[in-house]
2 protein chains.
Amino acid sequence: MIQLTAVGTVESPLTDRGSAPRQGDEGAPEAVIVLDQAVLPALDGVAPGDAILVLTWFHLARRDVLRVHPRGDVARPEQGVFSTRSPDRPNPIGLHRVEVVSIEGGRLGVRNLEAVDGTPVIDVKPVIGSDPNER
Amino acid sequence: MIQLTAVGTVESPLTDRGSAPRQGDEGAPEAVIVLDQAVLPALDGVAPGDAILVLTWFHLARRDVLRVHPRGDVARPEQGVFSTRSPDRPNPIGLHRVEVVSIEGGRLGVRNLEAVDGTPVIDVKPVIGSDPNER
């Protein structure tokens, strides 16, 4: 068994899965990542304007789902979740490419984060390369 | 507390962190991801030739490290781990972009995986976009 610890939480106007866009560049509002004070030294080197990868824990997801209709479209045949970005999967980790718009202490304002309010944040990584679509 | 479950394990000729390249395209040998039988339905839709993202759990990493010299180079000033790809971080999740070269049952042969033998695999996701450097 592997134990994760949240390093922060998402503050967002999105409050339920139904209203969240499926990808961050499909209309996600600005959100704030509130990092725990204990991990603030880990943020040194991240600056406004940076593109970063945010890993979240989709706490509302189902972990017993192995096959889904892509994007919830029942007209499309089911696929294995490992070939989709469905939040429902054995370990519901979200991978989001976002743009940092502001940093005030442990509050990171970000653009294009398609996660609902209260979603635990588990890691932040720099983008390597320049793929605009890496979510 | 969030509990992760490994969905598979890395089989690799790399056996210690010292011999592992820092990024997958810096000389990683071919490796095999051995998925648990229970999650095989999740693999439907993944095929040889695909680029996929593999999330691993760096089980040898230190979780109490918040600042590091980038790439272990002491000549470079320390930065927060959230601005680096250091395996040492509060939640040591590895993000690897690899190419699938073969699939036999639950055994995925992959190219460019810089993880040591025995590393737990926690998720597999499709690449969205075409960034060659997303690791």
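Higher on the page you've got the structure.
This section reports on the structure supplied with the text.

Turning our eyes to something else, we now look at the interface of chain A and chain B. Each side of the interface is counted separately: chain A has 49 residues, and chain B has 49 residues. Across the chain A to chain B interface the summed buried area is about 4500 Å²; carbon plus sulfur atoms make up 60%. Area buried by chain A at its contact with chain B is led by Ile-2, Phe-82 and Ile-128 of chain A, which between them contribute 19% of it. Of the charged contacts, one joins Arg-67 of chain A and Asp-44 of chain B as a salt bridge, the two residues approaching to 2.7 Å between their closest N and O atoms. For the side of chain A that touches chain B, the elements supplying multiple residues, two or more each, are strand S1 (2–4), strand S4 (51–57), strand S6 (79–80), strand S7 (93–104) and strand S9 (120–126) of chain A. Of the residues forming the side of chain A that touches chain B, the biggest block, six residues, is contributed by S9 of chain A. Across the side of chain A that touches chain B, the residue classes tally to 26 nonpolar, twelve polar and eleven charged.

What follows is about the relation of the copies chain A and chain B. If you rotate chain A by 180° and push it 0.0 Å along the axis, it lands on chain B with an RMSD of 0.0 Å. The transformation just described matches what one would write down for a two-fold rotation axis.

Parameters and conventions
- Residues numbered from 1 in each chain as written.
- Chains lettered and ligands numbered in written order.
- Predicted model: local features only at pLDDT ≥ 70, side-chain atom pairs only at ≥ 80, totals over all residues.
- Heavy atoms only, no water.
- Contact = heavy atoms within 4.5 Å.
- Buried area = accessible area lost by both parts, 1.4 Å probe.
- Salt bridge = Lys/Arg side-chain N within 4 Å of Asp/Glu carboxyl O.
- Helix = DSSP H or I, 4+ residues; strand = E, 2+ residues; numbered from the N terminus.
- Nonpolar A, V, L, I, M, F, W, Y, C, P; charged D, E, K, R; others polar.
- Least-squares fit on C-alpha atoms with pLDDT ≥ 70 in both.

Everything listed here is a matter of geometry and, on its own, says nothing about what the molecule does.
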